[in-house]
Amino acid sequence: QVQFVESGGGLVQPGGSLRLSCAASGSLFRIIVMGWYRQAPGKQRELVARMVSGSSTNYADSVKGRFTISRDNAKNTAYLQMNSLKPEDTAVYYCNVVYYSGTPPMRYDYWGQGTQVTVSS
């Protein structure tokens, strides 16, 4: 089995910073994608940032230059450093991990329960 632990989020003033983390452990064969999506009230879920195969990254245009995704391969943990936060970044942030596990390895798509990020003065 594979377990996930997420942390981070909370309330921050505009211009502030927060860091999200998402850690995977257990019977992992390979992690393909680690990233975050977000959903604001009344809006569709959207990609924030993701790292594919441990190196290639994708960012939403709205967060480029402010958010940075990184990964500690030894710990199977991804981090989303969010700087210069704006009120429009307020949303529920969902960790997403695409991975292979089992024998033979099968592909799974994990979605976290979501963590609230609120940017307000």
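(A) Layout of the environment of Gln116. When you line up the elements, Gln116 lands in strand 11 (residues 115-119). What makes Gln116 partly exposed here is its relative accessible area of 38%. In the structure, Gln116 is positioned 22 residues away from Tyr94 in sequence and 9.0 Å away in space, judged by C-alpha atoms. Dropping the residues within four chain positions of it, Gln116 is found in contact with Gly9, Gly10, Thr90, Ala91 and Val92. Among the polar contacts listed, one links the side chain of Gln116 to the backbone oxygen of Ala91, at a separation of 3.4 Å.

(B) Region of interest: the nonpolar core. Ranked by internal contacts, the top residues of the largest apolar core, which has 30 residues, are Trp36, Val48, Phe67, Leu80, Met82, Tyr93 and Val97. At the level of elements, strand 1 (2-7), strand 3 (18-26), strand 4 (28-39), strand 5 (46-52), strand 7 (67-72), strand 8 (77-82), strand 9 (91-101) and strand 11 are the ones that each hand at least two residues to this core. Here this core gets 5 residues from one element, more than from any other, and that element is strand 9. Other than its neighbours up to four places away in sequence, Leu80 contacts Leu18, Arg19, Leu20, Trp36, Val48, Ala49, Phe67, Thr68 and Ile69.

(C) Inspection of the side chain of Asn96 at higher detail. Along the chain, the position of Asn96 falls in strand 9. With relative accessibility at 5%, the residue Asn96 sits in the buried group. Among the polar contacts made by the side chain of Asn96, one reaches the main-chain carbonyl oxygen of Tyr110 at a distance of 3.0 Å. Setting aside its immediate chain neighbours within four residues, Asn96 contacts Val33, Met34, Gly35, Tyr37, Asp109, Tyr110 and Trp111.

(D) The sheet that holds strand 1, seen in detail. Strand order across the open sheet formed by 4 strands is 1-3-8-7, with antiparallel pairing between neighbours. Looking at which strands have only one partner, the edges of the open sheet turn out to be strand 1 and strand 7. If you compare each strand with its neighbour and ignore which way they point, the axes differ by 15° on average.

(E) Here's a closer look at the packing of aromatic side chains. This structure, assessed with the given rule, holds 4 aromatic pairs. On the numbers, 5.4 Å between centres and 20° between planes, the contact of Tyr99 with Tyr108 is stacked. On the basis of relative accessible area, Tyr99 is assigned to the buried category, the value being 9%. Judged by relative accessible area, which is 37%, Tyr108 ranks as partly exposed. Ring pairs connect the aromatic residues Phe4, Tyr99, Tyr108 and Tyr110, which therefore count as one cluster. Above the face of the Tyr94 ring, Arg45 is positioned so that its terminal group lies 3.8 Å from the ring centre. The aromatic ring of Trp111 is capped on one face by Arg45, whose charged end is 5.0 Å from the ring centroid.

(F) Region of the structure containing the state of the cysteines. Evaluated as defined, the whole model comprises 1 disulfide. Shown here is the disulfide that connects Cys22 with Cys95, its sulfur atoms set 2.0 Å apart. Because the sign of the S-S torsion sets the handedness, a value of about -75° for the bond joining Cys22 and Cys95 places this disulfide among the left-handed ones. With a gap of 73 residues between them, Cys22 in strand 3 and Cys95 in strand 9 connect regions that are remote in the sequence.

Each value, and the rule that gives it
- Residues numbered from 1 in each chain as written.
- Predicted model: local features only at pLDDT ≥ 70, side-chain atom pairs only at ≥ 80, totals over all residues.
- Heavy atoms only, no water.
- Helix = DSSP H or I, 4+ residues; strand = E, 2+ residues; numbered from the N terminus.
- Buried < 20%, exposed > 50% of the residue type's maximum accessible area, 1.4 Å probe, protein only.
- Contact = heavy atoms within 4.5 Å.
- Polar contact = N/O pair within 3.5 Å; in protein donor to acceptor, adjacent residues only side chain to side chain.
- Core = buried A, V, L, I, M, F, W, Y, C linked by side-chain atoms within 4.5 Å.
- Pairing = 2+ DSSP bridges.
- Axes fitted to C-alpha atoms, helices over the stretch in contact; angles between N-to-C directions.
- Phe/Tyr/Trp six-rings, centres within 6.5 Å; stacked < 30°, edge-to-face > 60°.
- Lys NZ or Arg CZ within 6 Å of the ring centre and 35° of its normal.
- Disulfide = S-S within 2.5 Å.

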